[in-house]
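Descriptive structure summary
Read off the chains here:
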Amino acid sequence: MGSGSSTPRQKEAKPKTKSKSFRFHYFDGKGRGEVVRLAFVLAGLDFDDVRHTAEEWANMKQTGEFTGPFRQLPWLELEDGTTISQTRAILRLVAREGGFDGDTNLDAAKADEITDAVEDIKDAFFTTIFEQDEQKKASLEDEFWDSRLPTRLRQFEKLLEMNNGGQGFFVGKAMTHADLEMFSLLDMLESSSKERDLLGMLGAVPLVKAHKERVSNHPKIAEYIKTRRDTPL
Ligand SMILES: N[C@@H](CCC(=O)N[C@@H](CS)C(=O)NCC(=O)O)C(=O)O
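Residues numbered from 1 in each chain as written. Predicted model: local features only at pLDDT ≥ 70, side-chain atom pairs only at ≥ 80, totals over all residues. Heavy atoms only, no water.

As annotated in an unreviewed UniProt entry, the chain carries the name glutathione transferase and is attributed to Branchiostoma belcheri.

Below, the structure is given as structure tokens:
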């Protein structure tokens, strides 16, 4: 999966934000937010990692401190007061700022394709986590771990193989947000679901397994992982 015949994008055609501060709001967990934190790290951009309790979040909505349109986190505030909601919009903004959103329009679309597919799987996982009915929860979990996740992992294995034989990243020659997205999924599943043998499952998809290691060994990511506030979910 290379650049196809797409012409390289003029990176400067869209000016960067010039924001000197990025205030990133999420809950105190990996969830949907960790991929954005990883993106800030890869971009080399300082950001305020604001982690809210449920009470703080409820308060923010009541007092008007939260000014986003959708009453959901993640949420990003820029220096001039502009705010952005929606995980993928924030992720892609940071990736564009850092120049890792794909080198051509086609590569950007390929990276989006993978990021969106991973987000679908994250959504399915969050559904299992937040299900209150014990019986329904058990059946959702089985469906997720026995069918949905392994099927998707095999698909990701193929996509990796199609780019450089799976020896590098999902798109082009360098990391894009798609690689961070994939890593953040597996990282969260590993720490939140210790009763499940994720690493064993990854034995069936060796390229995905090696890719997880490759991303976590990137110097900036490795340093972040060593020092981050770690939470299971
Ligand atoms: N599509 C949205 C989904 C956001 C979402 O569901 N956020 C949840 C946390 S993961 C939330 O804000 N829940 C608290 C609430 O709805 O008050 C995104 O990706 O940003």
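1. Here we look at the overall build of the chain
Helices and strands together make up the secondary structure of the chain, namely nine helices and four strands. Across the chain, helices and strands are ordered from the amino to the carboxyl terminus as β-α-β-α-β-β-α-α-α-α-α-α-α. The globule rule puts the C-alpha radius of gyration for 233 residues at 17 Å, and the 18 Å found for the chain is close to it. Projected onto its principal axes, the C-alpha positions of the chain cover 50 × 50 × 30 Å. Burial analysis of the chain (233 residues in total) assigns 46% to the buried set. When contacts within the chain are restricted to residue pairs at least 6 apart in sequence, those whose partners lie at least 24 apart make up 71%. About 12000 Å² of surface is accessible on the chain, with carbon and sulfur atoms providing 50% of the total. (Helix = DSSP H or I, 4+ residues; strand = E, 2+ residues; numbered from the N terminus. Rg over C-alpha atoms; globule rule 2.2 N^0.38 Å. Buried < 20%, exposed > 50% of the residue type's maximum accessible area, 1.4 Å probe, protein only. Contact = heavy atoms within 4.5 Å. Areas by Shrake-Rupley, 256 points an atom, 1.4 Å probe, with all protein chains shown as cover.)

2. Concerning the UniProt feature "domain: GST C-terminal" (unreviewed entry) in the chain
In this numbering, the UniProt entry assigns the feature "domain: GST C-terminal" (unreviewed entry) to residues 104-233. Regarding residues 104-233, the helix share stands at 74% and the strand share at 0%, and the terminal C-alpha atoms are separated by 34 Å. (UniProt positions renumbered as here; feature names shortened; annotations may be inferred.)

3. Remarks on the packing of helix α1 (residues 34-43) against helix α3 (residues 87-98)
At a closest axis distance of 9 Å, the pairing of α1 and α3 adopts a crossing angle of 10°. By the angle between their directions, the pair α1 and α3 is classed as roughly parallel. Between α1, through V35, V36, A39, F40 and A43, and α3, the contact on the second element is made entirely by T87, I90, L91, V94 and G98. Each residue belonging to the contact of α1 with α3 can be placed in one class, and the counts come to eight nonpolar, two polar and no charged. (Axes fitted to C-alpha atoms, helices over the stretch in contact; angles between N-to-C directions. Parallel < 35°, antiparallel > 145°, perpendicular 65-115°, else oblique. Nonpolar A, V, L, I, M, F, W, Y, C, P; charged D, E, K, R; others polar.)

4. Digging into the pairing of strand β2 (residues 48-52)
Note: strand β1 (residues 22-27) against β2, five bridges, orientation parallel. Its bridge partner lying in β2, F24 is registered against D49. Crossover handedness for the path β1 to α1 to β2: right-handed. (Pairing = 2+ DSSP bridges. Right-handed = clockwise from strand over helix to strand, strands pointing away.)

5. Structural notes on the domain arrangement of the chain
Segmenting the chain into domains produces domain 1 (18-98) and domain 2 (105-217). On a C-alpha basis, the centres of domain 1 and domain 2 stand 23 Å from each other. At the boundary of domain 1 with domain 2, total buried surface from both sides reaches about 1300 Å², with 62% on carbon and sulfur atoms. A salt bridge links R32 to D123, with the shortest nitrogen-to-oxygen separation between them at 2.8 Å. (Domains from an automatic or database assignment. Buried area = accessible area lost by both parts, 1.4 Å probe. Salt bridge = Lys/Arg side-chain N within 4 Å of Asp/Glu carboxyl O.)

6. Things to note about the environment of T104
As for its position among the elements, T104 is in the loop between α3 and α4 (105-130). A relative accessible area of 3% means that T104 is categorised as buried. In this structure, the C-alpha to C-alpha distance between T104 and Y224, residues 120 residues apart in sequence, is 28 Å. A polar atom in the side chain of T104 sits 2.9 Å from the backbone nitrogen of D107. (Polar contact = N/O pair within 3.5 Å; in protein donor to acceptor, adjacent residues only side chain to side chain.)

7. A few points about the UniProt feature "domain: GST N-terminal" (unreviewed entry) in the chain
Following the UniProt record, one finds the feature "domain: GST N-terminal" (unreviewed entry) at residues 20-102. When the span residues 20-102 is considered, its composition is 39% helix and 22% strand, and the gap between its end C-alpha atoms is 24 Å.

8. Re the pattern of salt bridges
Inspection of every chain in the model, using the stated rule, returns 24 salt bridges. Of the charged contacts in the structure, one is a salt bridge between K122 and E181, with a shortest N-O distance of 2.7 Å. Note that K122 is positioned in helix α4 and E181 in helix α6 (residues 177-192), a separation of 59 residues in sequence. Of the residues examined, K122 reaches a relative accessible area of 1% and is grouped as buried. For the salt bridge of K212 with E190, the shortest nitrogen-to-oxygen distance reads 2.7 Å. You can see K212 sitting in helix α8 (residues 206-216) and its partner E190 sitting in helix α6, a full 22 residues away along the chain. Among the residues examined, K212 registers a relative accessible area of 8% and is labelled buried.

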